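Letter by letter, the chains look like this.
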Amino acid sequence: MNLFRSEGHVERWLAGREAGAIVTVATLAELAQAWWGDRLEPTWRPHTREQNQAILAGVGLTGEFWRLP
Amino acid sequence: MVDAADVELRNATYATFVELGRAPSSAETAERVRGEPAAVRAGWRRLHEAHALVLDDSGELRMANPFSAVPTRHRVRAAGRSWWANCAWDAFGICAALHVDGRVESSCPDCGEALAVEVRDGRPDDESLVFHCLVPAARWWDDIVFT
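Since we're looking at a predicted model, the values are computed, not measured. (Residues numbered from 1 in each chain as written. Chains lettered and ligands numbered in written order. Predicted model: local features only at pLDDT ≥ 70, side-chain atom pairs only at ≥ 80, totals over all residues.)

**Remarks on helix H3 (residues 37-49) of chain B**
All names here are of chain B.
Phase 1: For H3, spanning 13 residues, the distance from its first C-alpha to its last is 18 Å, which sits close to the expected 18 Å at 1.5 Å a residue.
Phase 2: All of the buried residues along H3 are Val40, Gly43, Trp44 and Leu47. Within H3, the buried residues cover an arc of 105 degrees as seen down the axis, which keeps them to one side. More than 90 degrees from the buried face of H3, the exposed residues found are Ala38 and Glu49.
Phase 3: One or two steps after H3, the chain reaches His51, where phi turns positive at roughly 65 degrees. (Helix = DSSP H or I, 4+ residues; strand = E, 2+ residues; numbered from the N terminus. Expected span 1.5 Å × (residues − 1). Buried ≥ 20, exposed ≤ 12 C-beta atoms within 10 Å, placed from the backbone. Arc of directions from axis to C-beta.)

**So, the nonpolar core**
Phase 1: Among the nonpolar cores identified, the biggest contains 50 residues, and Leu28 and Ala32 of chain A together with Phe92, Ile94 and Phe131 of chain B are the most heavily contacted of them.
Phase 2: With residues near it in sequence (within four places) discarded, Phe92 of chain B still touches Leu28, Ala29 and Ala32 of chain A together with Val104 and Val119 of chain B. (Core = buried A, V, L, I, M, F, W, Y, C linked by C-beta atoms within 7 Å. Contact = placed C-beta atoms within 7 Å.)

**Let's talk about unusual backbone geometry**
All names here are of chain B.
Phase 1: Cis rather than trans, the peptide bond between Asn65 and Pro66 has omega equal to 15 degrees.
Phase 2: Summarising the element assignment, Pro66 is placed in the loop between strand E2 (61-64) and strand E3 (67-68).
Phase 3: The backbone of His99 sits at a positive phi, close to 55 degrees, despite the residue not being glycine.
Phase 4: Mapped onto the fold, His99 is located in the loop between helix H4 (88-98) and strand E6 (102-107).

**Notes on the sheet that holds strand E2 (residues 21-24) of chain A**
Phase 1: Taking strand neighbours across the sheet as the criterion, the three strands line up as E1(A)-E9(B)-E2(A) in an open arrangement whose pairing is antiparallel. Where the open sheet ends on each side, the last strands, each with one partner, are strand E1 (2-4) and E2 of chain A. With direction set aside, neighbouring strand axes in the sheet form an average angle of 35 degrees.
Phase 2: Relative to strand E9 (residues 130-133) of chain B, E1 of chain A runs antiparallel, the two sharing three bridges. Bridging across to E9 of chain B, Phe4 of chain A finds its partner in Val130 of chain B.
Phase 3: Here helix H2 (residues 25-36) of chain A sits on the sheet in contact with E1 and E2 of chain A together with E9 of chain B, set at roughly 85 degrees to E2 of chain A. (Pairing = 2+ DSSP bridges. Axes fitted to C-alpha atoms, helices over the stretch in contact; angles between N-to-C directions.)

Have a look at this one:
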C-alpha cells in the first residue's frame with residue numbers, strides 16, 4: 001500500500017501485473033481518519049467486520065476488491 | 001479468543017508505544033501493566049491471532065497498527081516525534097490516531113522520488129498523489145507484512 005507520484009507511475013511500476021485499486025490521496029486521508037481515529041482511545045474496542053466494511057463504504061470504497069473476509 | 005483483559009493489555013501497549021515513541025518490549029509492557037513478561041507475550045499472541053497487533057518471529061511487536069516497530073518506506077513527523085508507518089494508509093492513520101497535524105514522508109516505488117504531504121485537520125495539502133492498494137481486502141491478512 002504505497003503512495004505514487006501519479007497513476008502513470010503506478011502503471012509503470014506494475015509492468016503488466018494486474019492492478020489493485022487506485023485511490024486519491026484525499027480519499028486515503030479520509031479513510032485513515034475513520035479507520036484509525038479511535039485507535040488510541042482508552043475505551044477502544046475491536047471493530048467488527050461490519051463496522052470496517054461500513055467505513056470503507058463511507059468513503060466510496062465498495063465492490064469486490066474492498067469486500068472484507 | 002480475545003477477552004476484556006487482552007483488550008486492556010492492547011490499550012496499555014498502544015499507550016506505552018506513544019509515550020516512548022517506539023515499540024515497547026514485552027518486558028517494558030509487563031512493567032507498565034505490573035504483570036509478568038510471559039503473560040504479556042501470551043496476551044500479545046492472542047491479540048496477534050485476532051489481528052489486533054502483529055508480532056515478529058521472536059514474539060515481540062512488529063506492528064501496532066498504524067505504527068510500525070521497524071523502519072519502513074513511510075515516515076511520519078507528528079506530535080514532536082518521528083514515527084514509522086506500516087504503509088501509506090497507516091501513515092495518514094498515525095496523524096488520525098494521534099489527532100494531530102503532521103507530515104507524511106514516503107517515496108514513489110516507481111521512480112524513487114521523495115514524496116511529502118502535510119496533513120492539516122486530516123486533509124492532505126497535495127492532492128496530486130495517488131494511493132495504490134495491490135492486494136484485495138479479502139486477502140490483506142494472508143500476509144499483512146506484504147500487504
